[in-house]
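# Tertiary structure, described
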Amino acid sequence: MRARKTGGVAVALSLVVGLGACSADDGVPTLTWYINPDAGGQERIAGECTEEADGAYRIETTLLPRDAASQREQLARRLAASDRSLDIMSLDPPFIPELAEPGFLAAVPEDLQDTDGVVKGAVESASWNDELVTVPFWANTQLLWYRESVVEEVGLDMSEPVTWDQIIEVAEDNDLEVGVQGALAESLTVWINALIASAGGEILRTPDAVPADMELGIDSDEGRAAAEVIQRIGENGLAGTGLPTANENASLNLFEGDTGSFMVNWPFVWPSLNASAPEVADDLGWAVYPRMDADTPAAPPVGGINLGVGAFSENQDLAWRAVECIVQPERQAEYFVSDGNPPSNAAAYDDETVQEEFPMAGVIRESLDLGVPRPQTPYYNEISIGLQRTWHPPADVDADTTPATSSAFILAVLRGERLL
């Protein structure tokens, strides 16, 4: 099955041309770094590392599409065509196993294998089959954001871990709304995974198995507990009428409104609120992701970007030298401040400017050490889309039936018995 999947990404590759790493007229090798869209920080870092290289190499950036699924498709197609222009790649963690399994990623050199000081969630998301196959660059996680005026009025003690039951009860009893992501998109998978993992379960129990032998953990007590949370929020309208199309930005807009109370979202909300709604930012509190059970630590979502080197790059040694330059803790700290993307290296959180600009930096770091990545598998795309198709819209989720229906559908897709 894996051989079939690897061949699948090579469909219609006649238009993809392996350019190879080139050299400018001055003879300096040029490394191409394929970057995800940001606020310009990666391009700035490329310039800094080019200058620091003192003529050993030059880094040029090439922008990938905005959404992660399109990034995955472009990179997978190019790698399947043995494209030599893929020197350095900014990779979304869920798609790394799919690229590592068929040998599309160059082996991480020993001197970059040391992960001491890197937050746990970032290390796990950069690995496949217990081996580091990419280098953590920046990490991301969702926090529980809340209106301090609301928790003061209802008497909720935010110095103690908060559960989803408590959040739902506050919203129900006070005609308030909760910011969550219910759109038919990757953000829904993120929510489902965090709920199941926080309940002590896992979506995929056998990450290295072929589809015929895969065992899912969706149809389980943990899966039903996750479905109950989504069902209660969806059925009772606790996330507004727009929940079926709500992404991260829509959740933020809901939170800004008069009925806003709690929200699970990424750290971008802090600079966004300071710019668009300073009065809400002044009323903003933050905590670790909600627990499913008061006695069980939460398993917050993990995101971010890891750096890989293409297996067909003609300048792999130089590319890894450039990666080492890019991921230095001081650069991660600068990137956090300039672009809002949290570091993967714990030392970067001690930077004074980071702490001034992001007073919740310590909670972000704690969350990243608790975080659990989405299922690590070469078949992630099928699992994620399968979850979205069977857990949407949130108001139709049924704790008694959805987990079983979802599990059966995904397994049938993986085994070629059904189409997405």
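Presented here is an overview of the structure given in this document.

Cut-offs and rules
Residues numbered from 1 in each chain as written. Predicted model: local features only at pLDDT ≥ 70, side-chain atom pairs only at ≥ 80, totals over all residues. Heavy atoms only, no water. Helix = DSSP H or I, 4+ residues; strand = E, 2+ residues; numbered from the N terminus. Buried < 20%, exposed > 50% of the residue type's maximum accessible area, 1.4 Å probe, protein only. Areas by Shrake-Rupley, 256 points an atom, 1.4 Å probe, with all protein chains shown as cover. Lys, Arg positive; Asp, Glu negative; His and termini not counted. Charge placed at Lys NZ, Arg CZ, Asp CG, Glu CD. Disulfide = S-S within 2.5 Å. Phe/Tyr/Trp six-rings, centres within 6.5 Å; stacked < 30°, edge-to-face > 60°. Pairing = 2+ DSSP bridges. Axes fitted to C-alpha atoms, helices over the stretch in contact; angles between N-to-C directions. Contact = heavy atoms within 4.5 Å. Parallel < 35°, antiparallel > 145°, perpendicular 65-115°, else oblique. Left-handed = near helix turned anticlockwise from the far one by under 90°. Nonpolar A, V, L, I, M, F, W, Y, C, P; charged D, E, K, R; others polar. Polar contact = N/O pair within 3.5 Å; in protein donor to acceptor, adjacent residues only side chain to side chain. Salt bridge = Lys/Arg side-chain N within 4 Å of Asp/Glu carboxyl O.

## Some thoughts on the overall build of the chain
- Broken down by element type, the chain carries 18 helices and twelve strands.
- With the C-alpha coordinates aligned to their principal axes, the bounding extent of the chain is approximately 70 × 55 × 35 Å.
- Counting all 420 residues of the chain, 55% fall into the buried class.
- When the accessible area of the chain is evaluated, it comes to approximately 17000 Å², of which 44% is carbon and sulfur surface.
- Across the chain, the 23 positively charged side chains and the 70 negatively charged ones have centroids separated by 10 Å.

## A few points about the state of the cysteines
- Applying the stated criterion across every chain, the model contains one disulfide.
- With a sulfur-sulfur separation of 2.1 Å, Cys 49 is cross-linked through a disulfide to Cys 325. Residues Cys 49 and Cys 325 share a disulfide whose torsion about the S-S bond is about -95°; that sign makes it left-handed. Residue Cys 49 is found in helix α2 (residues 41-53), and its partner Cys 325 is found in helix α13 (residues 316-326); the two are separated by 276 residues along the sequence.
- Relative accessible area serves as the criterion here: at 6%, Cys 325 is assigned to the buried category.

## What about the packing of aromatic side chains?
- Within this structure, the stated rule accounts for ten aromatic pairs.
- For the ring pair Trp 164 and Tyr 289, a centre distance of 6.0 Å and an interplane angle of 70° mean the geometry is edge-to-face. A residue pair is termed long-range when its members are at least 10 positions apart, and Trp 164 in helix α7 (residues 164-174) and Tyr 289 in the loop between β11 (284-287) and β12 (302-309) qualify at 125 residues.
- Ring pairing ties together the aromatic residues Trp 33, Phe 137 and Tyr 335, which thus form one cluster.

## Description of the sheet that holds β11
- Strand order across the open sheet formed by four strands is β9-β10-β8-β11, with mixed pairing between neighbours. Looking at the sheet topology across the chains shown, the edges are occupied by β9 (177-179) and β11. Each strand of the sheet is rotated relative to its neighbour by a mean of 20°, with strand direction disregarded.
- The strands touched by helix α10 (residues 248-256) are β8 (143-147), β9, β10 (260-265) and β11; relative to β10, the strand with the most contacts, the crossing angle is about 160°.

## Regarding the packing of helix α8 (residues 186-198) against helix α9 (residues 221-235)
- Two numbers describe how α8 lies on α9: the axes approach to 8 Å, and their chain directions differ by 130°. One finds that α8 runs oblique with respect to α9. As for the relative orientation of α8 and α9, their crossing is right-handed in sense. Facing Trp 191, Ile 192, Leu 195 and Ile 196 of α8, the residues of α9 in contact are Glu 222, Gly 223, Ala 226, Val 229, Ile 230 and Ile 233.
- Each residue belonging to the contact of α8 with α9 can be placed in one class, and the counts come to eight nonpolar, one polar and one charged.

## Quick notes on the environment of Leu 64
- Tracing the backbone shows Leu 64 in the loop between β3 (58-63) and α3 (68-80).
- Taking relative accessible area as the criterion, Leu 64 reaches 3% and is therefore assigned buried.
- The sequence separation of Leu 64 and Ser 90 amounts to 26 residues, and the corresponding C-alpha distance is 9.0 Å.
- Setting aside its immediate chain neighbours within four residues, Leu 64 contacts Tyr 34, Ile 35, Asn 36, Pro 37, Gln 71, Gln 74, Leu 75 and Ser 90.

## So, the side chain of Thr 134
- The residue Thr 134 is located in the loop between β6 (131-132) and β7 (135-141) in this model.
- For Thr 134, the side chain forms a polar contact with the main-chain oxygen of Ala 126, separated by 3.1 Å.
- Those residues in contact with Thr 134 that lie beyond four places of it in its chain are Leu 91, Ile 96, Leu 105, Val 108, Ala 126, Asn 306, Leu 307 and Gly 308.

## Section: the pattern of salt bridges
- Following the criterion strictly, the structure yields 16 salt bridges and no others.
- One salt bridge connects Arg 224 with Asp 219, and the closest N-O pair in it is separated by 2.9 Å.
- Note on Arg 224: relative accessible area 29%, which makes it partly exposed.
- Among the salt bridges present, the one from Asp 221 reaches Arg 224, with a minimum N-O distance of 3.1 Å. Here Asp 221 pairs with Arg 224, and both are found in helix α9, just three residues apart, close to one helical turn.
- Take Asp 221: its relative accessible area is 57%, and that puts it in the exposed class.

## Section: the pairing of strand β4 (residues 88-91)
- Residues of β4 alternate between two faces, with Ile 88 and Ser 90 on one and Met 89 and Leu 91 on the opposite face, all of them buried.
- Where strand β2 (residues 29-35) and β4 come together, two bridges link them in parallel fashion. The partner of Tyr 34 across the bridge, within β4, is Met 89.
- Bridge count for β4 against β12 is four bridges, and the pairing is antiparallel.

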